[in-house]
Protein chains: 2
Amino acid sequence: MSASRPGEFDLIARIARRVQARGDVVLGIGDDAALLEVPAGRQLVVAMDTLNAGVHFPHATAPADIGWKALAVNLSDLAAMGAEPAWCTLSLSMPTPDAAWLDGFLEGFSALASMHRVALVGGDTTRGPLSVCVTVQGLVEPGRALRRDAARPGDEVWVSGTLGDAAGALSMLGLGPLPAPAIAADAAARAALHARLDRPTPRIALGRALAPHAHAAIDVSDGLLADLAHLARASGTGIEVDVDRLPASDALCALFDADARRLLQAAGGDDYELAFTAAAASHAAVLQAAAQAGTPVTCVGRVVAGQGVSARDARGAAWLPPRRGWEHFAD
Amino acid sequence: MSASRPGEFDLIARIARRVQARGDVVLGIGDDAALLEVPAGRQLVVAMDTLNAGVHFPHATAPADIGWKALAVNLSDLAAMGAEPAWCTLSLSMPTPDAAWLDGFLEGFSALASMHRVALVGGDTTRGPLSVCVTVQGLVEPGRALRRDAARPGDEVWVSGTLGDAAGALSMLGLGPLPAPAIAADAAARAALHARLDRPTPRIALGRALAPHAHAAIDVSDGLLADLAHLARASGTGIEVDVDRLPASDALCALFDADARRLLQAAGGDDYELAFTAAAASHAAVLQAAAQAGTPVTCVGRVVAGQGVSARDARGAAWLPPRRGWEHFAD
C-alpha cells in the first residue's frame, strides 16, 4: 500500500472521522457490528436502497451529490413511514480506492446526516464497480407509522413540494422521457432542476408532522402515478388524480410546456416527495402540519372504491401517460 | 416486460414468498420500510457486508452458494458480538433480471435464514454488476456484547472449529496464497474444502454461549493473525499465538503439508470462525459453553501486555507469514 492508494482501513478511518455523534450509539464503526440503544416505546423502522453508477445516477455525477443522494433516498423512505431517522450503515464499492473521491462523497453524505442527526455506525468499503448501498434505521411511535395499505375511500390524496423537476433534469441530460426542451436559455431554471435531481430533499419533518393525521403514504420515486398505484393496490382502493392540480416549480414552468410538464410531474419519478392520503375531515390539520414542517402540500385527488389509478385533466378528460413509471428492470 | 424477463416487482414477489415468519415483524417486504418490534431490555446489533462477483466469490460460484454466503458473512458478525439474529435486508444488483438465478440464490439464502430464524424484511433489487449487500439486525443483552476492545493481559486466546479450509479451497482454484497442492487425488478432501469456502458456518450458537464468559471476540475473515491484530489494537494489548496449535481439518491435512497448512491457517482468511479471549480462570467454562453449542474450540495463545501479534511454532521459533492477511484494497 502507498499513501496515494489507501487501503480499506485507511478509508474506514476517513469515514469514521465524519460521523455524527449520538448518545444512543453504544458502539459505532470499528467492531464486527454496531451496538445501539432503542428507546422504550418505539418501533424500529428499516429501509435499504442501493445506487449504482450509470443506473441510478449519471457517471459524471459529483461525488458529493452521490453521497447526498444515497442517504436522501433512504431517508425519504423513513419520511414516508412518518419515522424519525436515527442510524445508518454504508457499503461502498469502488473500482479503486480513491481518497479524494471518498472525501467528496462524505461531504455530501455527512451534510445530510448532520441535518437529520443520523449516525453512521458501520458498513464496509470494498472493491467493485461504483455502487453505494445504505441502510437506515429510524424510530416511530407504535401505531403511528404511515403505511401504504391504510388509504380509505373518501380520503384526499396529497403531494408535497413540486413534482417533475428531477425528471426534467434527466430530460435535459438526454436521459429522461422527453427530448431536451427547445427553450434552453434559462440557466437559473436549468440549475434549479439539476439541484433537485442531484440533491433531493427527504421530507422527514413533514412525515413526522403528518404521522398523527395522515392514513397512507409513499415516497415518489418511480413516478407519481406508479407510486400511487402501489399505494392503491396495497390499500385495496382506487385513486383519482387531477393532473392539472399537480404542483410545478417555477423552473419547470420556465423550461417545459404544459403537455411536457404534465408528463414529467405525473410519471417522471425521482422526486422524493411524499404522496399521502388523509380523511377529508383532516384537511385543515394536514395544512397545519405542513405549515409546521415548512413544506407546502397540495391536494391532487381522492381515494375511491375500486382499483387502479385514473387521471383527469382540468377539462375532465382522461389523461394517460405515454409510458409507465420507471421500473429499475423494465424493458 | 415479458415472462422470461421479470420486472423488479416480480422479483420482489419471488423473494417475499421465501421469507421466514417472525411475530415481531409488524410490516415486512412491500412498504417503504419495515416495521419491527424490538423487545425491551435488549440492545440492537447491526452489521452490513457486501459480496461483489469476482472480488468476494469466483464468477462461477453457484447462485445458492452466493445466497448462503451473503447471509453467512453477516451472521458471522453477529456471532462475533454474541448476538441473536433477528431480521435482515437484502439489496441485490443483477446485470439482467434472471428468475432462475434468483431462485437458486434464494434457496441458499433462505436455508440459512430458516436455520437461524432470520426474517428478510426489505431491501431492493436493481440493475447493475452482480453484487449482494446484506444488513442484519440482532439482539443482545445490555453489557453482554463481545467487543473487540475487551481483551485483557492474561486472557487465553481461542478459536472455533478449524482454520485454513477456505483459503485451501481458494488455492486449489488458483486464487489463494499458495499454488494448488501436488497431492490432488483426494476428491472427498477437496470437496470438503470447497464446501467450507462456499458455505461458511456462522458460529451463532457459540457466540451466544460465550457471551457470559468471553471478553473480546472477532470473526476470522481477513486471516487469523490480521484479525487478532485488529482485536489487539482495539484492546491496547499484544497477543502471542502458537501456530502449531491452530486447529486443522482432516481435509486440510490430507491436501497440504505442514508448512502450507500453517500459512493457510494463520493468514488465509475467509474462515468465519470466531477468535476470542477469555480469562484463564474461565477455561473450563469456555469448554463447557463450546460443548453446549456443539462447536469445538481450541486454545491457541494468550493476551499479553504490549502491542501487536507475534506467532511461534512448537519449537519456540518466531513464525512470520510470507504475506499479510488479505485486505479488500491491499495492493
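Since the structure is predicted, the reported quantities are computational estimates derived from the model, not experimental observations. (Residues numbered from 1 in each chain as written. Chains lettered and ligands numbered in written order. Predicted model: local features only at pLDDT ≥ 70, side-chain atom pairs only at ≥ 80, totals over all residues. Heavy atoms only, no water.)

(A) Molecular detail of the pattern of salt bridges. Residue and element names in this part refer to chain A. Scanning the model with the defined rule gives 34 salt bridges over all chains in all. With its nearest N and O atoms 2.8 Å apart, the salt bridge here joins R203 to E273. One end of the pair, R203, is in the loop between α5 (187-198) and α6 (204-210); the other, E273, is in the loop between α9 (258-267) and β10 (274-278), and 70 residues separate them in sequence. Take E273: its relative accessible area is 1%, and that puts it in the buried class. Among the salt bridges present, the one from R302 reaches E240, with a minimum N-O distance of 2.8 Å. (Salt bridge = Lys/Arg side-chain N within 4 Å of Asp/Glu carboxyl O. Helix = DSSP H or I, 4+ residues; strand = E, 2+ residues; numbered from the N terminus. Buried < 20%, exposed > 50% of the residue type's maximum accessible area, 1.4 Å probe, protein only.)

(B) Quick peek at the environment of R233 of chain A. Residue and element names in this part refer to chain A. Within the secondary structure, R233 sits in helix α7 (residues 224-235). Residue classification places R233 among the exposed residues on the basis of a relative accessible area of 62%. In this structure the C-alpha to C-alpha distance between R233 and G23, which are 210 residues apart in sequence, comes to 40 Å.

(C) Representation of the sheet that holds strand β6 (residues 131-140) of chain B within the structure. Taken together, the 6 strands give an open sheet; going across it, the order is β1(A)-β2(A)-β3(B)-β6(B)-β4(B)-β5(B), and neighbouring strands pair in mixed fashion. The open sheet has two edge strands with one neighbour each: β1 (25-27) of chain A together with β5 (119-127) of chain B. Within this sheet the neighbouring strands show an average axis-to-axis angle of 20 degrees, counted without direction. By the bridge criterion, 8 bridges tie strand β4 (residues 84-94) of chain B to β5 of chain B in an arrangement that is parallel. (Pairing = 2+ DSSP bridges. Axes fitted to C-alpha atoms, helices over the stretch in contact; angles between N-to-C directions.)

(D) Structural detail: the packing of aromatic side chains. By the definition in use, this model includes 6 aromatic pairs over all chains. Taking 5.3 Å as the distance between ring centres and 20 degrees as the angle between the ring planes, the aromatic pair formed by W101 of chain B and F105 of chain B counts as stacked. Note that W101 of chain B and F105 of chain B are positioned in helix α3 (residues 99-115) at a spacing of 4 residues, about one turn of the helix. Judged by its relative accessible area of 16%, W101 of chain B is buried. Relative accessible area serves as the criterion here: at 0%, F105 of chain B is assigned to the buried category. Here the aromatic residues W101, F105 and F109 of chain A are joined through ring pairs into a cluster of three or more. (Phe/Tyr/Trp six-rings, centres within 6.5 Å; stacked < 30°, edge-to-face > 60°.)

(E) Highlighting the interface of chain B and chain A. Of the residues lining the interface, 69 residues belong to chain B; the matching set on chain A comes to 69 residues. Carbon and sulfur atoms make up 55% of the area that chain B and chain A hide from each other, which totals about 5700 Å². Where chain B meets chain A, there are 4 salt bridges. One salt bridge in this structure joins R148 of chain A and D32 of chain B, with 3.3 Å as the shortest N-O distance. Between the two partners, chain B and chain A, sit 24 residue pairs in polar contact (both at pLDDT 80 or more). No other element matches the 9 residues that strand β3 (residues 43-52) of chain B contributes to the side of chain B that touches chain A. Residue classes in the side of chain B that touches chain A are distributed as 33 nonpolar, 19 polar and 17 charged. Inspection of the sheet shows strand β2 (residues 34-36) of chain A paired to β3 of chain B by 3 bridges, in the antiparallel sense. What sits directly across from L35 of chain A, in β3 of chain B, is V45 of chain B. (Contact = heavy atoms within 4.5 Å. Buried area = accessible area lost by both parts, 1.4 Å probe. Polar contact = N/O pair within 3.5 Å; in protein donor to acceptor, adjacent residues only side chain to side chain. Nonpolar A, V, L, I, M, F, W, Y, C, P; charged D, E, K, R; others polar.)

(F) Representation of unusual backbone geometry. The phi angle at R117 of chain B is positive, at roughly 50 degrees, despite the residue not being glycine. Of note, R117 of chain B is situated in the loop between α3 and β5.

(G) The relation of the copies chain B and chain A, seen in detail. Between chain B and chain A, which share one sequence, the superposing operator has a rotation angle of 180 degrees and an axial displacement of 0.0 Å; the RMSD is 0.0 Å. Such a combination of turn and shift is consistent with a two-fold rotation axis. A share of 100% of the interface residues of chain B reappears at the interface of chain A, consistent with the copies meeting face to face through the same patch. (Least-squares fit on C-alpha atoms with pLDDT ≥ 70 in both.)

(H) Spatial organisation of the pairing of strand β12 (residues 308-312) of chain A. Residue and element names in this part refer to chain A. Taken together, the 5 bridges between strand β9 (residues 238-242) and β12 define a ladder with parallel strand orientation. For D242, the partnering residue across the bridge sits in β12 and is R312. Sheet topology places β12 next to strand β13 (residues 318-319); 2 bridges connect them, and they run antiparallel. Each bridged residue has a counterpart across the sheet, and for R312 the counterpart in β13 is A318. Between β12 and β13, which follow one another and run antiparallel, lie 5 residues, and G316 among them has a positive phi close to 90 degrees.

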